[in-house]
Every structure is written in structure tokens, then in C-alpha cells.
Amino acid sequence: MSEELIDYRTWGVEFFHRAVTAERVLRGVNVLSGRAIDVGPMGVGPGRLVKVTAKGRIGTATGHRVGDEPVSFQVSLPVPIEFVIDLGVDKHRFNADIEVPLAIAARARDDLAIVLEITPPTAAQVQVQLQAQGMRAQLVQLAAGVEGELKRFIAKYVRRELTKPYVQEATTIDVGAAIERASRGLGPKDPVGDGAAGAGT
């Protein structure tokens, strides 16, 4: 391992890059994993006469680093959902594979914390793949405009969750506090047995 001395700026940049890894970012985002999604009933289609209900859970995020200035990441949050379209006289069941893209940038705060700044998704950025059961169900999904409604709901839901304290805490790396904890273990220590030896003299 090199022991070459470097300037403060270089040290700070290197520390920042090592502290903010893709694994650390994903751990922060994955506090959302397992959160329940419960939609509806909501009206869709002409006159909002068709009702849709949906249930699912947020899955495990994946992602990778995409930039260094700032240190930034592109993360994909999966949201598999099962939903039902109620036409009043009969019901049709669907599955939806939803992907929510999150752009994340690591920012330095003046209290020696690193904050993962997550750009909230827009409805247009949410990707939905619908799977209908049968040709008739496929026609229903096109007529009801379910995809657009799901995009808007999921985008709004994720934006709201990102503002909550549990997410804010998980996406903050408190470097100052970590240094303080580590410093308590520094300094000279009495050799084991010194106290006993001194007592006998």
C-alpha cells in the first residue's frame, strides 16, 4: 500500500469517491424495498366509469455509477403490481412490471455529511409493461388508459416516500459522527496487566 503524502483537496476527493460506492447508494435506496403499493379503486377511461384497483410491493433496486463530478448514479427501482379492471359486469386481471428510474447525486454538506440527492421521478420517466390475460383483456387495457394512470400514481407515491425521514436518514452518510466515534478509540492504552504489576511494587 502506498504511503505517499497528498494534499488536502486530493485526499478529500479520494475519500469522497471511496465513501460513496454503488453498494452504499443501493443500501440507502433499498429502505424502500418491501413498501406496499395499494392503488384505488380509481376511475379510468371515458367518464371514469371503469374502476381499477392494484396491489404490489417495491422490489430491490439496482444501479451503477454514471459520473464523477458530481459523483452520480443511475438507479432502477422495480415495482411489480397485480391489478384488476372492474367494468361493472365483469373483471379483468393484469400484471404490470414497473421500473422507476432514479438519478442520484452525492453532495457534500458543511457539517461533514454526504447527502445522496435523489431526483424525484416524473410520470413520463416511469416505465410500465402490461401483461393481460387474453385478447379481450388486452383491448380493455388499451381502452381504459391504465398505463398512464399507473405511471402518475407510482411517480407521486415514490416522490412522497423520498421526502420521509426514514429515507432521508438512510441516504445521509454522517462522516463527522463516524470520525468522532473512531477518535474515541485512538490514543495510548495501558498495557494489559500494568495495573496488577504496579499494585505489587
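Just so it is clear, the model here is predicted, and its values are computed rather than measured.

A few points about the overall build of the protein
Counting its secondary structure elements, the protein contains 7 helices and 8 strands. Residues classed as buried in the protein amount to 34% of the 201 residues present. Pairs at least 24 apart in sequence give 63% of the contacts found in the protein among residues at least 6 apart. When the accessible surface of the protein is totalled, it reaches about 12,600 Å², and 55% of it is carbon and sulfur.

Overview of unusual backbone geometry
E69 connects to P70 through a cis peptide bond whose omega is 0 degrees. As for its placement among the helices and strands, P70 is situated in the loop between strand 3 (62-68) and strand 4 (71-86). For L112, which is not glycine, the phi dihedral falls at a positive 65 degrees. As for its position among the elements, L112 is in the loop between strand 5 (91-109) and strand 6 (113-119). The class for L112 is exposed, based on a relative accessible area of 53%.

Topic: the pattern of salt bridges
Inspection of the entire model under this criterion finds 9 salt bridges. Between E14 and R18 there is a salt bridge; the shortest N-O distance is 2.8 Å. Here E14 pairs with R18, and both are found in helix 1 (residues 8-19), just 4 residues apart, close to one helical turn. When its relative accessible area of 63% is taken as the criterion, R18 is described as exposed. Measuring nitrogen to oxygen at the nearest pair gives 3.6 Å for the salt bridge that ties E147 to K151. Of the two residues, E147 and K151 are both situated in helix 4 (residues 146-162); the distance of 4 residues between them amounts to about one turn of the helix. Judged by relative accessible area, E147 falls into the partly exposed class, the value being 32%. Each of R35, E161 and K164 takes part in one network of salt bridges that share partners.

Some remarks on a nonpolar patch on the surface
There is a patch of nonpolar side chains on the surface, built from I6, W11 and F15 and spanning about 320 Å² of accessible area. The residue F15 is located in helix 1 in this model.

Structural notes on helix 1
An α-helical turn contains 3.6 residues, so any two residues separated by three or four positions project in the same direction. Along its 12 residues, helix 1 runs 16 Å from first to last C-alpha, staying within 8% of the 16 Å computed at 1.5 Å per residue. The backbone nitrogen of R9 has a side-chain oxygen 3.1 Å away, supplied by the residue at the start of helix 1, namely D7.

Here we look at the layout of surface pockets
A water-sized probe rolled over the atoms picks out the places where empty space is left. Counted as a void, the second largest pocket has a volume near 250 Å³. Forming the walls of the second largest pocket are 11 residues, and the residues nearest its centre are F15, F16, L112, I114 and V175. When residues of the lining of the second largest pocket are traced back to their parent elements, those giving at least two are helix 1, strand 5, strand 6 and helix 6 (175-183). Ranked by residues supplied to the lining of the second largest pocket, first place goes to helix 1 with 4 residues. Considering only residue class, the lining of the second largest pocket consists of 9 nonpolar, 1 polar and 1 charged.

A few points about the packing of aromatic side chains
Scanning the model with the defined rule gives 3 aromatic pairs in all. On the basis of an interplanar angle of 5 degrees and a centroid distance of 5.4 Å, the ring pair of W11 and F15 is categorised as stacked. Linking W11 with F15, this pair stays in helix 1, spanning 4 residues, or about one helical turn. When its relative accessible area of 54% is taken as the criterion, W11 is described as exposed. Judged by its relative accessible area of 34%, F15 is partly exposed. Ring plane angle 10 degrees and centroid distance 5.0 Å describe the contact between F83 and F94, whose orientation is recorded as stacked.

Conventions and cut-offs
- Residues numbered from 1 in each chain as written.
- Predicted model: local features only at pLDDT ≥ 70, side-chain atom pairs only at ≥ 80, totals over all residues.
- Heavy atoms only, no water.
- Helix = DSSP H or I, 4+ residues; strand = E, 2+ residues; numbered from the N terminus.
- Buried < 20%, exposed > 50% of the residue type's maximum accessible area, 1.4 Å probe, protein only.
- Contact = heavy atoms within 4.5 Å.
- Areas by Shrake-Rupley, 256 points an atom, 1.4 Å probe, with all protein chains shown as cover.
- Salt bridge = Lys/Arg side-chain N within 4 Å of Asp/Glu carboxyl O.
- Patch = residues over 30% accessible without salt bridge, like charges linked within 9 Å, V, L, I, M, F, W, Y side chains within 5 Å.
- Expected span 1.5 Å × (residues − 1).
- Polar contact = N/O pair within 3.5 Å; in protein donor to acceptor, adjacent residues only side chain to side chain.
- 1 Å grid on protein atoms, 1.4 Å probe; cavity = no way out; pocket = protein on both sides within 12 Å on 5 of 7 lines; lining within 4 Å.
- Points joined across faces, edges and corners; volume = space filled by probe spheres on them.
- Nonpolar A, V, L, I, M, F, W, Y, C, P; charged D, E, K, R; others polar.
- Phe/Tyr/Trp six-rings, centres within 6.5 Å; stacked < 30°, edge-to-face > 60°.

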